[in-house]
Amino acid sequence: MEEANKKVAVFRREHFNAAHRIFNPAWDDVKNEEVFGKCANPHYHGHNYELVVKVTGVPDPETGYVMDMKVLSRITKEEVLERFDHRNLNLDTVYFKELNPTAEHIAMVIYGLLRAKIDPALELQVRLYETERNYVEYPA
Amino acid sequence: MVYLTRVEHFNAAHKLYNPGWSRERNEEVFGKCANENWHGHNYELYVTIKGEPDPDTGFLFDANRLSGIIREHVIEKLDHKNLNIEVDFLQGKMCSTENLVVGIWQQLAPHIPSRVWLHGIKLYETPRIFVEYFGE
């Protein structure tokens, strides 16, 4: 059958709400304010993050699935939402002690967490919306 | 009577935490929203005014001027702020979306021009949760 080797992308959308602050600890307050503006606010601000996880592969001939979406949902909840939802990304997670929690870096961290739990034969990409108008994708 | 709505948005941190209660009680009532290190939202704010269109302009009110009023008196105070710590009109109040919408009404009402009326404010905390207030 010609469909046998065709790749299909499947997507799962999740969301989490978190506080963060963008700043470089090597810089003084003036320089941080100059570069990051109000995002550097020492008292934090926050977002409703929307996460779209894309998994690409050939549908399994027996199930017709690229990946069971229930499993993808469970992995995303366990690996990402339980760590990030209703948290302060700078203070409450281990990932952004040294790394600035920009949308770029958050997407890269999420990719790493999910990549470790998803079949290496499947391609993975994450898209992260910080606001409705700003989003990033990794890998690019 | 015509209704005109202007949509604005702001991003802020907050927590739901009653300082008069124990941490256990706060977690029991507010769950993960009580996280002491805050969490945050993209808030969407819908401000609706009402009145009769001006015969000379056809406008109820200049939507850009309405935007300017909302930005000056509300967004400037809330955007990229910590609602519990940095907002004067929320001091001493619980930072629920309900209290926030009432506070926003009180900030805006004095600055709405005399020939139009503030009709209602709708505030989305997430795409799935919103509150409305009509000044009652």
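Residues numbered from 1 in each chain as written. Chains lettered and ligands numbered in written order. Predicted model: local features only at pLDDT ≥ 70, side-chain atom pairs only at ≥ 80, totals over all residues. Heavy atoms only, no water.

1. Structural notes on the overall build of chain A
- A tally of helices and strands in chain A yields 3 helices and 5 strands.
- Its helices and strands in sequence order give chain A the pattern β-α-β-α-β-α-β-β, from N to C terminus.
- Across its three principal directions, the C-alpha atoms of chain A cover 65 × 25 × 25 Å.
- For chain A, with 140 residues in total, the buried portion stands at 45%. (Helix = DSSP H or I, 4+ residues; strand = E, 2+ residues; numbered from the N terminus. Buried < 20%, exposed > 50% of the residue type's maximum accessible area, 1.4 Å probe, protein only.)

2. A short note on the environment of Ile75 of chain B
All names here are of chain B.
- Summarising the element assignment, Ile75 is placed in helix 2 (residues 63–78).
- Taking the relative accessible area as the measure of exposure, Ile75 reaches 10% and is therefore buried.
- Ile75 sits 65 residues away from Phe10 along the chain, and the two C-alpha atoms are 6.4 Å apart.

3. Points about the sheet that holds strand 4 (residues 117–126) of chain B
Residues and elements named next belong to chain B.
- Within the open sheet, the 5 strands sit side by side as 3-1-2-4-5. Their pairing is mixed. Each of the sheet's edge strands pairs with one partner strand only, and the pair in question is strand 3 (81–82) and strand 5 (129–133).
- Examined bridge by bridge, strand 2 (residues 39–51) and strand 4 share 7 bridges and lie antiparallel to one another. Within strand 4, the residue paired with Thr48 across the bridge is Gly120.
- Together, strand 1 (2–14), strand 2, strand 4 and strand 5 form the strand contacts of helix 4 (residues 97–108), whose direction differs from that of strand 4 by roughly 145 degrees. (Pairing = 2+ DSSP bridges. Contact = heavy atoms within 4.5 Å. Axes fitted to C-alpha atoms, helices over the stretch in contact; angles between N-to-C directions.)

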